[in-house]
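Observations on the three-dimensional arrangement
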Amino acid sequence: MLKIEGLSVNYGSLRALADVDLDVHDQGVLHGIIGPNGAGKSTLLDAACGRRRPTAGLVRYRGEDITKRSVAWRRRNGMSRSFQRTSIFPDLTVREQLELVAAHLGDDRLDDIIRLMDLGSYLDQQAGRIAYGVQRRVDVALALLGRPNILLMDEPGAGLSAVETLRLFEHLRELVSEQKIVAVVVEHDVEAVFACCGMVTVLDLGRHLATGTPAEIRKDSRVIAAYLGSAA
Amino acid sequence: MIALLIANSLALASLLIMLASGLALIYGLRDVINFGHGALYMLGAYLGYTVAKVTGFWLALLIVPILLALVGIVLEFLVLRPLKSRSHIEVALVTLGLGIILGQIIIFIYGGEARSIDAPAILSGSVTVLGLSYPVYRVFLILMGLGSCVSLAVWLRFTSSGLFVRAVSQDPGVARMMGINSDQLSLLVTSLSAAFAGIAGVLAGPYLSIDPGMDIVMIVDCLIIVVIGGTGSIAGAIIAALLFGFVQVAGSVFLPNVAALVPYVLLMIVLLIAPGGIGRGRVLN
Amino acid sequence: MSLLRIEALFAGYGASTVLHGADLTIEAGESVAVVGRNGAGKSTLLLSLFRETNVTGGAIWVGDTRIERMPGYTAAKLGISIAPQGRRLLPNLTVRENLLLGKATGRAGPWDLRSIFKLFPVLEERAGQMGTMLSGGQQQMLAIGRALMANPNLLLLDEPSEGLSPVLVDGLVDTLIDIRKAGTGVLVVEQHLSLVKRAAERFVILSKGEVVGAGPIELIGAAENQALMAL
Amino acid sequence: QESVKVGVLLIDSGPLAGLKESQTNAVNLAIEHVNAAGGVMGKKLEADFITYPGTPDTAVDGATRAIQKNGAVFITGMDTSAVSPALAAKLPALKALMLEVFAQADGLTGKGCSTNLFRVNVSDSIIMGAVKDFLKTQGVKKWDILAVDYAAGRDAADKFKTLVAGLGGSVGKVLFAPSGTADFGAKISELGNDPAEGLFVTIFGSDAINLAKQQQQFGLFKKYKMVLGNSFVIPQVLPAMGESVLGVYQPLGFVPGFPGAKAEAFVKAWKEKYNGQLPPYTAADQYAAIELMAASLNKAKSTDVNALRSALEGLKATTVLGDVEIRAGDHQTIRPMAINQIVAGSDGKPTYEIKKIEAGSDIIPAVDPACKM
Amino acid sequence: MLGHASSSFRVPAAIVAGAILFGLGGVLPGYLASDFTLKLANEGLLLGLLALSVAFLMSEAGLVALGAASIYGGSGYLFAIAMSEWGMSPGAAIVFAFLAVVAYGAVLGALIVRTNPLAFMMLTLAAGEMIRHVVMLEAVHDYTGGADGLVVSFKGAILGMQAADFANPQHFWPIGWTAVWLIGVTLWSVSRSRLGATLRAVRQNEERMRFSGFNTYVPRVVAYILVNAVAAVSGLLHVLNAGFVSPESLGLGVSTNALVAALMGGTAGSVGPLAGGLIFAFAQDEFGARGATQLLTGAAIVLFIVVFPRGVVGGLVAAVRRVLPGIDRPRGKT
Ligand SMILES: Nc1ncnc2c1ncn2[C@@H]1O[C@H](COP(=O)(O)OP(=O)(O)OP(=O)(O)O)[C@@H](O)[C@H]1O
Ligand SMILES: Nc1ncnc2c1ncn2[C@@H]1O[C@H](COP(=O)(O)OP(=O)(O)OP(=O)(O)O)[C@@H](O)[C@H]1O
Ligand SMILES: [Mg+2]
Ligand SMILES: [Mg+2]
């Protein structure tokens, strides 16, 4: 479904991502990405969704090379993402922005998503004025609209409690397996990742370190040293 | 000929630099597009005329900026602070209205007749540099203009008080959380900006005419420079003013028929290539 | 005399009130966690110290100074520093400049550029870069570093673990324990109890703008407290 | 009705705003004198002052208000060459006459002449006529030209070239500076490199002051035998130019010291009323316009527009400007001009010294055949 | 059930009330007001239209245009030149002028809507001032009349009206009134349409819009073309009414007046800017009669903006809401 080949991204002289390959083909399974801060996880998502032009490498979607496609094109063709830095419409109410996007993308499951993200009691509040954790949920909700085929999520659990993050991951797992879509989730809450992801990729210093099932990754000594620490 | 051309464009640019720096200061650090800046410059020039008559040019160059700084303080307390929650354009238009009122008050006091200040004796001759004879006053203008603005940029860039001023401009709330007295620094910025208009006004006296239309002539040019320079960047404004001065002087020599269009073309080219301007936040904002 | 005493605080944004009579006291060298679900008013509580909110009733004492009507920079001058939620870095300042802002009050102490760079080495590598060019977790380090630079009497951290990798959370916990031992008070708002459990001595549960529960940290996992937190 | 009203338009923004005060003073003084001498048709003459920002739309609004709301029969005052045609086009419908005292463009009494507009001030061609007559005796043959890059400046440059050629001279450099030029350094250097004998300058307003001051720092005018201004050193800018323009020649329609009893009395009255100042030529033109209005009203014995128009056409009168005649063919006033040189006055301040008075009939061109009323 | 019935009753009621207001407003002033008052009112309406175009872009797209005058005056020049130089009939000249300036606006818009708001403001200012200077260039003096402008009188009729009819305030009023209604209602519906919602969302978070699958560029270009069309209509009506064009009508002064009028009246909605235009026109006239146009204008700008943060109309609406709570409650608030 989503295939990344030899992807490199430079920020000036800094090489944030160096020749990374990633093949996410398992539909219906959450694919987790973990790695130390600055490992290049967000950069990988940025390059995959068109927010940043890669310095080298290809992004393939259903076999087609989409490296040069616009963000809006990718979104209309089913590639969607949420942001690490919350990105919502601060002056619109929660309802207004969800409805606007849902209408544009022809999605009739708005109510389900509102329920999933537990936004029912905030619908008529201006999004810029709700608690940070709720804004994060609006951000994720915006990404879930429009029946995406590929869901790229950047720390959806940030700002939520451990319990809530776990619950969100469980919901995501259900959603993904129900709709047979591909989902890539970057997250530091390793409990949630190991509990819900079918596959986990570890990045470090812009390079691909390991890919495997949660159990394999959890045991990997390199991953423990670079990333997990006492959480292992 | 080319050397003379550059020297002449430097003289014009120096005045523009001082005005544009003041404007960039209050825009970049205080987030106010001050359409009344031209009126402050005009006030500086007329006050310079009056003060210079009594005390001579040199003291006027000292006193007038202080007077203008006081005007800046009034502006801060009476206008900018009460209106801080309003949109940019509303505040901009209020400053426009205040500028009109100030201009009218000046005409009421001084009448419509144009005035001028004589340069002090030591600045009135000419010097010979590299075989070219060039008026001393212009050399002085260039040194003053570049000197004051470069020191302004250095202060902002390399001192800790400059750092705090920049912090206040970007997020007054965070600056306060860090223990910075943001009100005090905002006041400093506003009065400094006005003081720069005052210096420019006095320096313009022996070089340009002091008359009721002088504010409007300058303000559009300065806005262009500030925007070319990049939102509120002093260093950008300096470079932009030099570029602007050169393009304008060169335009009037080589393309006299369309010289009036040249500044606008310059603006369009720069902004279409780099919408953030040349400085693009290198120094501030 | 307490480091910080908040008494029956009412505060909010514009006309709406978020805190309805919250109380909280912190002593020197104490480490307190404030927990509660999204929208409970945790961040509002912290921001009220800096007049970032609209305080309509109650009192805030720092030492023997009552500050809720004083200018927003007073708390910092009295030795309180904060790493706010959402980081709030200044986008056009470099990493170094962002850190130096922490020094605005001029308080001396163990934290300076060198010790911050030792704690978060990546910040030294990026010292000349704009703060917002960092990755999310690196920005979080910068925000925490900036708060530490002030050498505070009381350190406020609003969800410091957000975006930090587990190893770094470990490091942060160690740091918090160290600075508490040095006599600095710590007030941490946190969703992830793993950090709270290791770094705080007691907790306060906030719900709908009121303190609904409190206790020593060992009891935070108790069913009744979990229920209060979900309120 | 007790009085006859005159709508006086005044500009209060931009560079012309400075002239508002003397214009008002001139109207007030003239009306005072007219009323003291018995008024018009036994009634008092009264001014209705209206300020506007200098644009054609607002000028038309102001004139409409004066005429329709306040009953004015004449419009006069400050305008620009963009305002006058717009006003002139509206006057027939508004049923009022305008006595122009400001705009100099030839077209107003040429190709674009208009039934309800009469011009009291001089036109560009009249000034050139005066210049030509004066230069015949001066013997300066080779000229440079510096003019504003504007219709008026280009027009003046062309006319001057023809004029110099007609006198057997030649023109060297012809430079144009955009209106609003702050720095004349480049032009000054270019001229100073290789100056001709004479320099003809058509630069106005604050640009003129900038030029005067900057050329002094470079010593440009000293390099010429004769510097001749065209609306360059006018009284409103002379104090600001100061010594920088000593020696420059400048034709003006009126200066204090102008011959004639009325002119003398006018200067005296002005000095008395306005604490010792001297009236600029614009004030004299405005004063004369009011005098001509009064004369036409008394001649027509009616406020009917058609009657007043016939009274004005061909009207001969003695005014502060001397003996003048309004030419029926194009509504241009035939009037004398003074050629002056700037010299240091008794108080050390620069002032005008009249070198020659050119008679009106000598300097006015024939009626433009393009003018069809 | 009940709510449904009452709302379906309310819509036709609003339309009927609007129609009556429109009819009365189109006819009555002709009988009641003096020529002079009507003339000012006509100018106020046209300035109001220009203000409406500026306000629409401001409130929907968050962009401040300082070049509205170049479209306004430019259409007038083209109309005049098309007739005098290219021998077009008045009707053809109007259509030509309209299409030409709108096409110009489209090209300009395509270039500049991508930039940030300040850059946009300065680019429109620069483009406008350039046009003002171009008109005064020596090379085109014969077409444009340079600084002196052009007196525009046409022979023949447009929609059965002669030049003299357009100049007559009595006859012009119904035309201006109708145009204002048509345009006001159109812009109001656009702002409530999907396009309006898209523009407002783009203004708040352009990146999120792209990541929601929206094209964020085309809607802004469309909005810019739309407001330019409004400015062109205003300019054409102005030249028909006033009978002349001059460089001043292209200048920054007119653009700022429109901006000031918009903010005085209130930028949200269609009524505010139109009211602002009328207030501005009448106020300027009164100020002129008092002999201090500039001073009083400056004071009025400051006063109005300081006292009415959402404009006079915004302020009135808020006041009415306060006195009669429950009237026209925003949806969803309980
Ligand atoms: N806009 C930028 N300019 C320069 N460098 C950047 C920029 N964005 C990120 N970087 C650098 O690129 C590297 C990778 O950043 P990225 O955001 O992809 O990390 P990440 O894995 O998402 O980390 P985190 O877990 O902290 O979010 C980091 O070292 C970061 O400092
Ligand atoms: N800027 C604001 N304007 C208006 N209301 C606000 C604003 N910020 C927060 N609120 C409101 O205040 C309440 C408390 O918010 P606060 O940010 O303090 O919650 P929190 O406990 O920190 O939540 P989180 O865990 O999500 O950070 C929320 O209901 C929110 O809607
Ligand atoms: Mg990241
Ligand atoms: Mg919070």
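None of the values given here were measured: they were computed from a predicted structure. (Residues numbered from 1 in each chain as written. Chains lettered and ligands numbered in written order. Predicted model: local features only at pLDDT ≥ 70, side-chain atom pairs only at ≥ 80, totals over all residues. Heavy atoms only, no water.)

What about the overall build of chain B?
Scanning chain B from N- to C-terminus turns up 11 helices and two strands. Seen through its principal axes, chain B has C-alpha atoms that stretch 60 × 45 × 35 Å. A buried classification covers 68% of the 285 residues belonging to chain B. For chain B, restricting intrachain contacts to residue pairs at least 6 apart in sequence, the fraction spanning at least 24 positions comes to 78%. Counting every atom, chain B has about 9,600 Å² of accessible surface; 71% of that belongs to carbon and sulfur. One finds the centroid of the 12 positive side-chain charges in chain B at a distance of 9 Å from the centroid of its 10 negative side-chain charges. (Helix = DSSP H or I, 4+ residues; strand = E, 2+ residues; numbered from the N terminus. Buried < 20%, exposed > 50% of the residue type's maximum accessible area, 1.4 Å probe, protein only. Contact = heavy atoms within 4.5 Å. Areas by Shrake-Rupley, 256 points an atom, 1.4 Å probe, with all protein chains shown as cover. Lys, Arg positive; Asp, Glu negative; His and termini not counted. Charge placed at Lys NZ, Arg CZ, Asp CG, Glu CD.)

Re helix α2 (residues 56-69) of chain D
Between its first and last C-alpha, α2 of chain D extends 19 Å over 14 residues, near the 20 Å set by a 1.5 Å rise per residue. Of all 14 residues that make up α2 of chain D, 12 are buried, and the element is covered over most of its length. (Expected span 1.5 Å × (residues − 1).)

So, the arrangement of the chains
Of all six pairs of chains that touch, the greatest number of contacts is found between chains B and E. Kept free of each other, chain A and chain B leave a smallest C-alpha distance of 15 Å between them. A minimum C-alpha distance of 36 Å separates chain C and chain D, which share no contact.

Overview of the site of ligand 2
Residues in close proximity to ligand 2 total 19 residues, the closest being R129 and G133 of chain A together with K42, S43 and T44 of chain C. Each of chains A and C places residues next to ligand 2. In this structure, an oxygen atom belonging to ligand 2 sits 2.6 Å away from a side-chain N or O atom of S43 of chain C. Relative to its unbound accessible surface of 630 Å², ligand 2 loses 83% to contact with the protein. Every element with two or more residues in the shell around ligand 2 is listed here: α5 (132-144) of chain A together with α1 (42-48) of chain C. Counting residues per element, the shell around ligand 2 draws most heavily on α1 of chain C, which supplies three residues. Its residues placed into classes, the shell around ligand 2 shows six nonpolar, nine polar and four charged. (Near = heavy atom within 4 Å. Polar contact = N/O pair within 3.5 Å; in protein donor to acceptor, adjacent residues only side chain to side chain. Nonpolar A, V, L, I, M, F, W, Y, C, P; charged D, E, K, R; others polar.)

Looking at helix α11 (residues 262-273) of chain B
An α-helical turn contains 3.6 residues, so a residue and the one three or four places further along point in the same direction. For α11 of chain B, spanning 12 residues, the distance from its first C-alpha to its last is 17 Å, which sits close to the expected 16 Å at 1.5 Å a residue. Where α11 of chain B is buried, its residues contact α9 (214-229) and α10 (234-254) of chain B together with α4 (90-112) and α5 (117-135) of chain E.

Thoughts on the site of ligand 1
In the neighbourhood of ligand 1, 21 residues make up the surrounding shell, with S42 and T43 of chain A together with R126, S135 and G137 of chain C lying closest. Within the side chain of H188 of chain A, a nitrogen or oxygen atom sits 2.8 Å from an oxygen atom of ligand 1. The separation between an oxygen atom of ligand 1 and a polar side-chain atom of Q138 of chain C is 2.6 Å. When isolated, ligand 1 has an accessible area of 630 Å², and the protein chains bury 92% of it. Of all the secondary-structure elements, those providing two or more residues to the shell around ligand 1 are β2 (14-24) and α1 (41-49) of chain A together with α6 (136-149) of chain C. Taken together, the residues of the shell around ligand 1 sort by class into six nonpolar, 11 polar and four charged.

Observations concerning the coordination of the magnesium ion (ligand 4)
Residue and element names in this part refer to chain C. The protein atoms that coordinate the magnesium ion (ligand 4) are S43 (OG) and Q85 (OE1), at distances of 1.9 to 2.1 Å. Taken together, the positions of S43 in helix α1 and Q85 in the loop between β6 (80-83) and α3 (95-101) put the pair 42 residues apart, joining distant regions of the chain. Here S43 matches Q85 in class, with each residue buried. (Donors = N, O, S within 2.8 Å, 3.2 Å for Na, K, Ca; no water.)

Notes on the state of the cysteines
A disulfide bridge is the covalent bond that connects two cysteines by way of their sulfur atoms. All names here are of chain D. According to the stated counting rule, one finds one disulfide over all chains in the structure shown. Residue pairing for C113: its cysteine sulfur links by disulfide to C371, the two sulfurs lying 2.1 Å apart. Disulfide C113-C371: the torsion about the S-S bond is 95 degrees, which places it as right-handed. Of this pair, C113 sits in the loop between β4 (97-100) and β5 (117-119) while C371 sits in the segment after α12 (360-363); the two residues are 258 residues apart in sequence, bridging distant segments of the chain. (Disulfide = S-S within 2.5 Å.)

Here we look at the sheet that holds strand β13 (residues 333-334) of chain D
All names here are of chain D. Strand order in this open sheet of three strands is β11-β12-β13, and the pairing throughout is antiparallel. Each having just a single partner strand, β11 (316-319) and β13 make up the two edges of the open sheet. Here four bridges tie β11 to strand β12 (residues 322-326), and the two strands are oriented antiparallel to one another. Considered in β12, the bridge of T319 is made with G322. Along the sheet, helix α10 (residues 281-300) makes contact with β11 and β12, crossing β11 at roughly 135 degrees. (Pairing = 2+ DSSP bridges. Axes fitted to C-alpha atoms, helices over the stretch in contact; angles between N-to-C directions.)

Considerations on the UniProt feature "transmembrane region" (unreviewed entry) in chain B
Sequence positions flagged by UniProt for "transmembrane region" (unreviewed entry) are, in local numbering, residues 6-25, 32-51, 57-79, 91-110, 136-156, 185-210, 216-246 and 258-278 of chain B. Within residues 136-156 of chain B, the helical portion is 100% and the strand portion 0%, while the C-alpha atoms at the span's ends are 30 Å from each other. (UniProt positions renumbered as here; feature names shortened; annotations may be inferred.)

Quick look at the pairing of strand β8 (residues 198-202) of chain D
All names here are of chain D. In terms of burial, β8 is largely enclosed, as five of its five residues are buried. Every second residue of β8 is oriented toward a common face, with G198, F200 and T202 on one face and L199 and V201 on the other, all of them buried. Summarising the sheet, strand β6 (residues 142-148) and β8 pair through five bridges and their orientation is parallel. Its bridge partner being in β8, W143 is matched across the sheet by G198. Across four bridges, β8 lies against strand β9 (residues 226-229) in parallel orientation. Its bridge partner being in β9, F200 is matched across the sheet by L228. You can see the chain leave β8, run along helix α7 (residues 205-218) and come back into β9, and the turn it takes is right-handed. (Right-handed = clockwise from strand over helix to strand, strands pointing away.)

Some details on the side chain of N340 of chain D
Residue and element names in this part refer to chain D. With respect to the secondary-structure elements, N340 resides in strand β14 (residues 337-344). The class for N340 is buried, based on a relative accessible area of 0%. Here A338 takes part through its backbone oxygen, which lies 3.3 Å from a polar atom of the side chain of N340. Once residues within four sequence positions are removed from consideration, N340 is found in contact with V248, Y249, Q250, P251, L252, V255, Y352, E353, I354 and K355.

Regarding the interface of chain B and chain D
Counting from both sides, the interface comprises 36 residues of chain B and, opposite them, 28 residues of chain D. Interface area for chain B against chain D, summed over the two sides, is near 2,400 Å², with a carbon-plus-sulfur share of 55%. On inspection of chain B and its partner chain D, the count reaches one salt bridge. Between D183 of chain D and R138 of chain B there is a salt bridge whose closest N-O contact spans 3.1 Å. (Buried area = accessible area lost by both parts, 1.4 Å probe. Salt bridge = Lys/Arg side-chain N within 4 Å of Asp/Glu carboxyl O.)

Focus: the coordination of the magnesium ion (ligand 3)
Residue and element names in this part refer to chain A. Around the magnesium ion (ligand 3), the protein contributes the donor atoms S42 (OG) and Q84 (OE1), at 1.8 to 2.1 Å from the metal centre. Of this pair, S42 sits in helix α1 while Q84 sits in the loop between β6 (79-81) and α3 (94-105), placing them 42 residues apart in sequence. On the basis of relative accessibility, which here comes to 12%, the residue Q84 falls in the buried class.

Some words on the interface of chain B and chain E
Between chain B and chain E, the residue contacts involve 32 residues of the former and 34 residues of the latter. Interface area for chain B against chain E, summed over the two sides, is near 2,900 Å², with a carbon-plus-sulfur share of 86%. Summed over the three residues of chain B that lose the most area to chain E, namely L93, Y264 and M268 of chain B, the buried surface amounts to 19% of that side. Viewed at the interface, chain E and chain B are joined by two residue pairs in polar contact (both at pLDDT 80 or more). Going through the elements one at a time, α4 (88-110), α9 and α11 of chain B are the ones with two or more residues in the side of chain B that touches chain E. Per element, the largest residue contribution to the side of chain B that touches chain E is 10 residues, and it comes from α4 of chain B. Its residues assigned to classes, the side of chain B that touches chain E comprises 25 nonpolar, five polar and two charged.

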